[in-house]
Each structure stands twice: as C-alpha cells, then as structure tokens.
Amino acid sequence: MIKNTVLISKKALSICIFSTDFKLNKFTYSLMEQLEQLIPPLTQLTEDEQMLKEAAADFAEASIKPLVEEMDEKAKLDPDLVKQFFEMGLMGIDIPEKYAGGGGTFMMSIVAIEQISRVDASAGVFMDVQNTLVNNAFVNFASDHLKEKYLPQLATEKVGAYCLSEAGSGSDAFALKTTAKEDGDHFVLNGSKLWITNANEADIFLVFANINPEEGYRGITAFVVERDMKGFSVSKKENKLGIRASSTCEILLEDVRVPKENVLGEVGKGYKVAIETLNEGRIGIGAQMIGIAQGAFDAALAYIQERKQFGKAISEFQGVQFQLARMATDIETARLLVYNAARIKMSGQKFLKEAAMAKFYASEVAEKIASQAIDLYGGYGYVKEYPVEKYYRDSKIGKIYEGTTNMQLSTIAKLLLR
Ligand SMILES: Cc1cc2nc3c(=O)[nH]c(=O)nc-3n(C[C@H](O)[C@H](O)[C@H](O)COP(=O)(O)OP(=O)(O)OC[C@H]3O[C@@H](n4cnc5c(N)ncnc54)[C@H](O)[C@@H]3O)c2cc1C
C-alpha cells in the first residue's frame, strides 16, 4: 500500500515539479512532505515495535539485571526468568495469533533481542534462538498438523532448540553425520549434535539428520524431536568464556524413533530449512551484538562522567570525548545494517547479503566497543565487580555461531562476484 502510494506520488511530483503555477507548486511541496513521512528513517519504529522495545527494556532492567552476575557465575539461566519470558510474550513474538503467538513482526523480535541483550546476552540468545530459528522454521516450513501441535507450545510454555552442528561439522554444516533410517511409519535417528543452545531448558528440538548420506546435502532432513522420546538425551554442558548462562550442550540420539509426521518441511529438503532459517537468524545475532555494544557503551558513558582524574571527570578530556563519539558512531552504523537487513527481509526482498553484512559487522563492533569500554574504565574495567568485562566476554560469540565471520565474508564475496 505504501509502495503504491509512493509510486503515485512520484508520478504526480514529476508533473508538478516544472510547473510555474503557484497552486501546483504548493501541491508539490505538500506531496514532498507526505513522501518524507511515508519513507521513515530506518531507526524509526512503528507503534507496535516501540511498545515491545519499551516492554523488553523495562523487563530487562527490572527482572534480568538483578540476576545477571549470579547467572553468569553459576552458568545457568534462572528458571523463573524462563517462565517470565513466556508470560511477557517474548518467546513467540511473530507466531500468528491463531497459534497463540503474539502475531507480531520480525522487526519486533529484532528490537526485543537488542533490548534484552543490552542487559544480558545470554537471555538475549535464549529468546533469539526461539524466535528467529525454531519458531521461524515451524512457521515457514511445518505442515499444518505440526504447526497446530507445536506452535502454541512454543509460544506459551516450551523452549525450542536448533540442532545442526556436530563435532566434525561446523562451518561445513552439511557434512553432518547424524543419520535417519526409514522404518515403517517412523524414522530412526542415530548420531550426536554439539554446541546446542537452550538444550538444558528445551523440550522441542529441531534436529537435522541425513536420510541418505550418499546423496550428500540432498539427504538432509529436519525432524521435530521431543525431549522425552526414547533414546534422546542431553549430554555434556560446555563451560564457556561468555554467554555463560546460556546452556550449550551435546545431544545424543540413540535409535530415536521419530514419527514420519514429525518431518519438518520436505524429506531431503532439510538443507533448505537450515539455509533459510539461518539467514534470518543471523539478523537476530546482529541484534544481540548491537545490544551488547549498547550495554557496554551505556556503562562506559555513565562511568566517565563519574570518574575523576587530574581534578575533573574524565569525560571532560577531549581525548575521551573523541573515543566516545567514535564508539557511538560505530554502534549506530551497526544498528543501521541490522535494521536495514530486517526491514528488507520483511519487505519480501532477498536479504542474504544484507544479513551476512549485518552479522559480520555488528559482531566486530560489539567486540570493539566492549573492549573500548574496558579501556575507559581503566583497571576497574578488568574486574568482575564492574559490568564491562562481561560484555567483552559475551561479545566473542558473535563471530562464531550461526556462521563464523569468515563464512559471512565468503557469502558476501560470493554475491559480489556473482
Ligand atoms: C556458544 C555456542 C552456541 C552454539 N549454538 C548452536 C546451536 O544452537 N545450534 C547449532 O547447530 N550450532 C550451534 N553452535 C555451533 C556454531 O554454529 C559453530 O561452532 C560454528 O558454525 C563454527 O563451527 P566450528 O566450531 O566447527 O568451527 P570450524 O568450522 O572448524 O571453523 C574453525 C575456523 O576455521 C574457519 N573456516 C572454516 N572453514 C572455512 C572456509 N571455508 N573458509 C575460511 N575459513 C574457514 C572458521 O571461520 C573458523 O575461524 C554454537 C556454538 C557455540 C560456541
């Protein structure tokens, strides 16, 4: 509708623009004003986006912030917090209302992930995986039966996990070794998965396995596996540098019988499910990264106005002010890339390059800003009593998961050279 209005307005403008008629010129200017309103700045949020942003920010400040240090130390998400995420409607933001979801948009998920990650990146990735990978796969690829069965659970009470990576296949994800053998009206899954986010909290696992390894990636199929299915277990939990409260575990599959109706998407087309969901997921990781960068920046901004050296606040030194200005500019640049990728995706256009750029750049910025925030804190930045060392540790994951920085660069380069 907006697109059409813009086209009509442009046509009208081209007629009016050369006119010497005063009335027509007035009309031209008024049209131009309207056009400006129709194409809002990239960072201008709709009413719904703004409302969710504020709700997520308030929730993060009031309910997550007091728990951040303890959760990081214990390497565990607070179970009450998990419940609150569902109560807040943050686990099914763009699941359609008919499946008990929020009926929101992808951009709403992005602004919420950013706000939660600003306070805690572990909590950020907890909701990010649910919204941008698991729910996304169900909404876009599942049969009506699977949608009806699982989407209401994912929106209201059950955590999902996305199981693609294995010990021997990370960047080369489609070299996965987990197999699925047909047996009557079931597939029998065998293998193991590594690095699975939310594995400790999850009940619903989207597992990628190969039904015909000789066919290579064309055998990869996505299965919906439930935690209590026989032969399924969550194994070793990783002890990590950052996002420590987010669970990252190994998954074991030993003769797990999965009903055929639990194939998500088409048999042999799991690679498509993986590629498409991860393209979207990368924008979510970009949002997590700008949240981390903003959180580190906000802490540093407050600190430099309090900390006094040479008889004045360190924020009064021009050298510090220039550092601050560069940091803010870097964050804004990353945010523009992330929001632009999200808005392009929502408009239905191709967004592969933009998503890769957003994730690549936002993860670089997060690491850089968190490091500079430590610099601005001086020695206090290096100790756990202050928040910035955690932002630095948390930022590192951005360059690794959902495709390493090298893999993003390779995607961008491929598209440029096509
Ligand atoms: C905390 C955490 C959470 C995770 N959560 C999940 C999850 O929920 N689900 C899931 O499926 N996976 C998850 N992962 C796995 C993650 O996606 C992989 O770790 C990632 O894709 C990299 O794979 P790898 O670790 O095997 O590294 P490798 O692929 O071995 O890469 C090692 C290095 O080699 C480089 N490299 C590899 N191939 C190339 C190439 N062709 N060109 C240039 N450089 C290359 C990489 O860029 C990297 O620097 C998670 C990982 C972590 C650490």
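The text that follows walks through the structure, step by step, so that each part is easy to find. Because the structure is predicted, anything quoted here is derived from the model rather than measured. (Residues numbered from 1 in each chain as written. Predicted model: local features only at pLDDT ≥ 70, side-chain atom pairs only at ≥ 80, totals over all residues. Heavy atoms only, no water.)

1. Comments concerning unusual backbone geometry
If a residue is not glycine, its phi is most likely negative; likewise, a peptide bond is most likely trans.
Then comes step 1: Here the phi dihedral of A75 falls at roughly 55 degrees; this positive angle occurs in a residue that is not glycine.
Then comes step 2: Looking at where A75 falls in the secondary structure, it is placed in the loop between α4 (68–74) and α5 (79–87).
Then comes step 3: Given a relative accessible area of 11%, A75 falls into the buried group.
Then comes step 4: At F310, a residue that is not glycine, the phi angle is positive and equals roughly 50 degrees.
Then comes step 5: Checked against the element boundaries, F310 lands in the loop between β9 (308–309) and β10 (312–313).
Then comes step 6: What makes F310 exposed here is its relative accessible area of 77%. (Helix = DSSP H or I, 4+ residues; strand = E, 2+ residues; numbered from the N terminus. Buried < 20%, exposed > 50% of the residue type's maximum accessible area, 1.4 Å probe, protein only.)

2. Focus on the nonpolar core
Then comes step 1: Judged by nonpolar contacts, the single largest core of 122 residues is most densely connected at I64, F85, F138, L189 and L264.
Then comes step 2: Here the element with the most residues in this core is helix α9 (residues 270–306); it accounts for 16 residues.
Then comes step 3: Apart from residues lying up to four places away in sequence, L189 is in contact with T179, A180, V207, A209, F223, V225, L253, E254, D255, V256 and V258. (Core = buried A, V, L, I, M, F, W, Y, C linked by side-chain atoms within 4.5 Å. Contact = heavy atoms within 4.5 Å.)

3. Section: the environment of S165
Then comes step 1: Note on placement: S165 falls in the loop between β1 (159–163) and β2 (179–183).
Then comes step 2: With a relative accessible area of 23%, S165 lands in the partly exposed category.
Then comes step 3: Taking C-alpha positions, S165 is 28 Å from T105, a pair spaced 60 residues apart along the chain.
Then comes step 4: If we skip the residues at most four places from it in the chain, S165 touches K193, L194, W195 and I196.

4. Comments concerning the site of the ligand
Then comes step 1: The environment of the ligand is made up of 17 residues, and the closest members are S165, S171, W195, T197 and T404.
Then comes step 2: The contact in question runs from a nitrogen atom of the ligand to an N or O atom on the backbone of W195, over 2.7 Å.
Then comes step 3: Within the contact set of the ligand, a nitrogen atom lies 2.7 Å away from a side-chain nitrogen or oxygen of T197.
Then comes step 4: Contact with the protein chains removes 64% of the 970 Å² of surface that the ligand exposes when unbound.
Then comes step 5: Taken together, the elements giving at least two residues each to the shell around the ligand come down to β3 (186–197) and α13 (405–417).
Then comes step 6: Of the residues contributing to the shell around the ligand, the split by class is eight nonpolar, seven polar and two charged.
Then comes step 7: When we break the shell around the ligand down by domain, the ones giving at least three residues each are domain 3 (162–271) and domain 4 (274–417). (Near = heavy atom within 4 Å. Polar contact = N/O pair within 3.5 Å; in protein donor to acceptor, adjacent residues only side chain to side chain. Areas by Shrake-Rupley, 256 points an atom, 1.4 Å probe, with all protein chains shown as cover. Nonpolar A, V, L, I, M, F, W, Y, C, P; charged D, E, K, R; others polar. Domains from an automatic or database assignment.)

5. Regarding the pairing of β2
Then comes step 1: Bridge count between β2 and β3: five bridges; the pairing is antiparallel. Bridging from a neighbouring strand, E182 pairs with F187 of β3.
Then comes step 2: The turn linking β2 back onto β3 is made up of two residues, and G184 within it adopts a positive phi angle of 65 degrees. (Pairing = 2+ DSSP bridges.)

6. Some thoughts on the state of the cysteines
Then comes step 1: As enumerated under the stated definition, the model contains zero disulfides in all.
Then comes step 2: Here C249 stays free of any disulfide, with the sulfur of C163 as its closest cysteine sulfur at 10 Å.
Then comes step 3: Its relative accessible area of 0% is what places C249 among the buried residues. (Disulfide = S-S within 2.5 Å.)

7. Topic: the pairing of strand β4 (residues 202–210)
Then comes step 1: When you tally the buried positions in β4, you get eight out of nine residues, the bulk of the element.
Then comes step 2: Bridging between β1 and β4 involves five bridges; their strand directions are parallel. Bridging across to β4, G160 finds its partner in I204.
Then comes step 3: As paired strands, β4 and strand β5 (residues 220–226) are joined by seven bridges and run antiparallel to one another. By the bridge assignment for β5, V207 is matched with F223.

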